[in-house]
Amino acid sequence: MDDTIVLEYTVDAEDFTRAGEASSDVKKKLKQMGVSPNVIRKVAIAMYEGEINMVIHAQGGEIKVYITPENIKMVLKDVGPGIPDVEKAMQAGWSTAPEEVRNLGFGAGMGLPNMKKNTDSMEVETEIGKGTTITMVVNMLGNE
């Protein structure tokens, strides 16, 4: 028997009014399931940062969240321009966000660093002109 719960979300490009709805929904569902507040916090932060990145840089995309008794796995897939230099993008404060996005209070260059900091594992697969898939995992045990 598979006890995996799968949640799916669509993130719209440049829709800052709805950005964060998917991470809020996951946070609410994890609370209802009685998941540890620390795990919920990590998942919510990592997913929110990813969601915002999809809105700013990637023409939106899809998020799938897999919840098992062992961990929460988030797969964020977009068809954006790809990340030319993942190593540089992982540096705190480095950003390619346009000025108008920064004026809204986003694009400070903390997205990927915050995603990595709040997850137990994070993989970035990116192809220029095709898009990026980021897979993040937060373990249930060790994060209580």
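Residues numbered from 1 in each chain as written. Predicted model: local features only at pLDDT ≥ 70, side-chain atom pairs only at ≥ 80, totals over all residues. Heavy atoms only, no water.

Caption draft 1: Broad picture of the overall build of the chain. Within the chain, the secondary structure is distributed over 5 helices and 5 strands. Tracing the chain from N to C terminus, the helices and strands come up as β-α-α-β-β-α-α-α-β-β. Scaling as 2.2 N^0.38, a compact globule of 144 residues should have a C-alpha radius of gyration of about 15 Å, and the chain matches this with 15 Å. Along the first, second and third principal axes, the C-alpha set of the chain runs to 45 × 30 × 25 Å. For the chain, with 144 residues in total, the buried portion stands at 46%. By sequence separation, contacts in the chain at least 24 residues apart represent 62% of the contacts at least 6 residues apart. When the accessible surface of the chain is summed, it comes to about 7,900 Å², and 50% of that surface belongs to carbon and sulfur atoms. Positive and negative side-chain charges in the chain, numbering 15 and 22 respectively, have mean positions lying 4 Å apart. (Helix = DSSP H or I, 4+ residues; strand = E, 2+ residues; numbered from the N terminus. Rg over C-alpha atoms; globule rule 2.2 N^0.38 Å. Buried < 20%, exposed > 50% of the residue type's maximum accessible area, 1.4 Å probe, protein only. Contact = heavy atoms within 4.5 Å. Areas by Shrake-Rupley, 256 points an atom, 1.4 Å probe, with all protein chains shown as cover. Lys, Arg positive; Asp, Glu negative; His and termini not counted. Charge placed at Lys NZ, Arg CZ, Asp CG, Glu CD.)

Caption draft 2: Geometry of helix 2 (residues 37-57). In this model helix 2 runs 30 Å from its N-terminal to its C-terminal C-alpha over 21 residues, within 8% of the 30 Å that 1.5 Å per residue would give. Gln59 sits one or two positions beyond helix 2 and adopts a positive phi of about 55°. (Expected span 1.5 Å × (residues − 1).)

Caption draft 3: Representation of the environment of Glu100 within the structure. Within the element layout of this structure, Glu100 appears in helix 4 (residues 99-103). You can call Glu100 exposed: its relative accessible area is 54%. Sequence-wise, Glu100 and Phe16 are 84 residues apart; in three dimensions their C-alpha atoms are separated by 12 Å.

Caption draft 4: Just the side chain of Thr133, in detail. Take Thr133: it is sitting in strand 5 (residues 131-139). In this structure Thr133 touches Val75, Leu76, Lys77, Glu123, Val124 and Glu125, once residues within four positions along its chain are discounted.

Caption draft 5: Representation of the sheet that holds strand 1 (residues 5-11) in the model. The sheet built from 5 strands is open, its strands ordered 1-2-3-5-4 with antiparallel pairing. On the outer flanks of this sheet lie strand 1 and strand 4 (121-127), each paired with one strand and no other. Adjacent strand axes in the sheet meet at a mean angle of 10°, parallel and antiparallel pairs treated alike. Set on the sheet, helix 1 (residues 21-32) makes contact with strand 1, strand 2 (61-67) and strand 3 (71-78); between it and strand 1 the angle comes to about 160°. Sitting on the sheet, helix 2 touches strand 1, strand 2, strand 3 and strand 5, and the angle it makes with strand 3 is about 0°. (Pairing = 2+ DSSP bridges. Axes fitted to C-alpha atoms, helices over the stretch in contact; angles between N-to-C directions.)

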